[in-house]
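What follows is each chain in one-letter form.
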Amino acid sequence: MRLLACTLLLAAAPAFAQDIVVGQSAPLTGGNAELGNDIRNGALAYFKKVNDAGGLPQGRLRLETLDDKNQTQLAAENTRKLVEEQNVVALFGYASSTLSIPAMPTVAQYKVPFFAPFTGAGVIRKQNDYVYTIRATYNEEINKIGNFWGNLGSTRVAVLHYDDLVGKQNFDTVAAVLKKYGSEPVSVPIKRNADITDANVKAVIAADPNVLVVTTLYAPAAQMIKRLKAANRATMVTSLSFAGASQLAKALGPDAVGVSIAITVPSPRAQTVPVVRECDEAWAAAGHKEIMSVTALESCIAAKVLVEGMRHAGKEVTRSSLQRALSNLGRYDAGGYLVEFRPGSHYTGSYVSMALLRPNGEVRE
């Protein structure tokens, strides 16, 4: 009888024995480290909230993050390690399309859901059926910027972008949208993972723009803005969300005055939005004293959507069960932030707002 009782108890025990492992390659060191760490910490805060409440029925959540130092080769190597050695059920929160694209061969080979890359570039949406995005496109951001500035027909616009395939695609996106306003922007290409040069600054000054549109990360953006202000060039600056609103504001300090940026989630100060309040509480519970950045908030929201997919994945969260669950998630309200996934339609998110950067590092819609 005692043996039978033990057998029954074991049969009633939870079937899972391992954590649900999510993988991430992100720049935790180097020039884009602040953005990468915010993406990681936003997800960790939400995963901790779930685990502190007992985890999911299928197990507890674990995020494995490898540092890619903002280097494409490392992003590719990290992806293969996470998939082949860590046996992750999904990849999450890669910091850009440039870092995401090297992961695609492994994603397609092993059929791993690739969730919420931090990019609005169209190129990432053309990769394969395993990519899921929850943020607006850069095209939508540029349209919002156009509406923000009003009639751009007589406005001289210069675009700061990277001198590579993705950077040129970003410039082309800006140019295509501005064309309907009768504006033809000037291209100012810069090298990726390099400081702004004197030639770069002279190129912007020579273009004599009324508005400089930034499509780079926060470090070169801040360098360019500071150098233009030091040269007494009163150019209005507006940026795509790619720069990282909170990171750019912090890097600029007092030079943030007059700089605007598109954001693809509500401001962290929008406490009337339920998911903002929920993530803010999770952020504080994770031990963070400073206000959550826009990037960390987006990552927290993305983590919540991913977890919702896991809840629908059945008795065990595997790559294939999660893929099916996400593809059939339908319309989901994360708490004032709507997403919608359907078979063959994995690209959602349309929230775009314009925010002003403050000298104290705040981001205000």
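Structure's up top.
Everything quoted here is computed from the prediction, not taken from an experiment.

Student: An account of the state of the cysteines is needed here, citing residue identities and associated values.
Tutor: Tallying each qualifying case throughout the model produces 1 disulfide. For C279, the disulfide goes to C300, at an S-S distance of 2.1 Å. Handedness of the C279-C300 disulfide follows from its S-S torsion of about -90 degrees: it is left-handed. With C279 in helix α11 (residues 274-285) and C300 in helix α12 (residues 294-311), this pair connects stretches of sequence that are 21 residues apart. This pair shows no difference in class: C279 is buried, exactly as C300 is.

Student: Run through the pairing of strand β1 (residues 20-26), naming residues and quoting values.
Tutor: Side-chain positions along a regular strand alternate between the two faces of the sheet. The element β1 is extensively covered by neighbouring structure, given that 7 of its 7 residues are classed as buried. With burial as the criterion, each face of β1 is covered, one bearing I20, V22, Q24 and A26 and the other bearing V21, G23 and S25. Relative to strand β2 (residues 61-67), β1 runs parallel, the two sharing 7 bridges. If you follow Q24 over to β2, its bridge partner there is T65. For the crossover from β1 across helix α2 (residues 33-52) to β2, the handedness is right-handed. Pairing geometry for β1 and strand β3 (residues 90-92), over 2 bridges, is parallel. Note on β3: the bridge partner recorded for V22 is A90.

Student: Break down the nonpolar core for me, with residues and values.
Tutor: In terms of nonpolar packing, the biggest core is built from 105 residues, with F92, F115, I134, L212, L248, M310 and L357 touching the most fellow members. Sorting elements by how many residues they give to this core places α12 first, with 11 residues. Those residues in contact with M310 that sit more than four places away from it in its chain are I20, V22, L56, Q58, L61, V89, V317 and L322. Counting residues in each nonpolar core, the second largest holds 14 residues, with V83, L91, A103 and V107 among its members.

About the cut-offs
Residues numbered from 1 in each chain as written. Predicted model: local features only at pLDDT ≥ 70, side-chain atom pairs only at ≥ 80, totals over all residues. Heavy atoms only, no water. Disulfide = S-S within 2.5 Å. Helix = DSSP H or I, 4+ residues; strand = E, 2+ residues; numbered from the N terminus. Buried < 20%, exposed > 50% of the residue type's maximum accessible area, 1.4 Å probe, protein only. Pairing = 2+ DSSP bridges. Right-handed = clockwise from strand over helix to strand, strands pointing away. Core = buried A, V, L, I, M, F, W, Y, C linked by side-chain atoms within 4.5 Å. Contact = heavy atoms within 4.5 Å.

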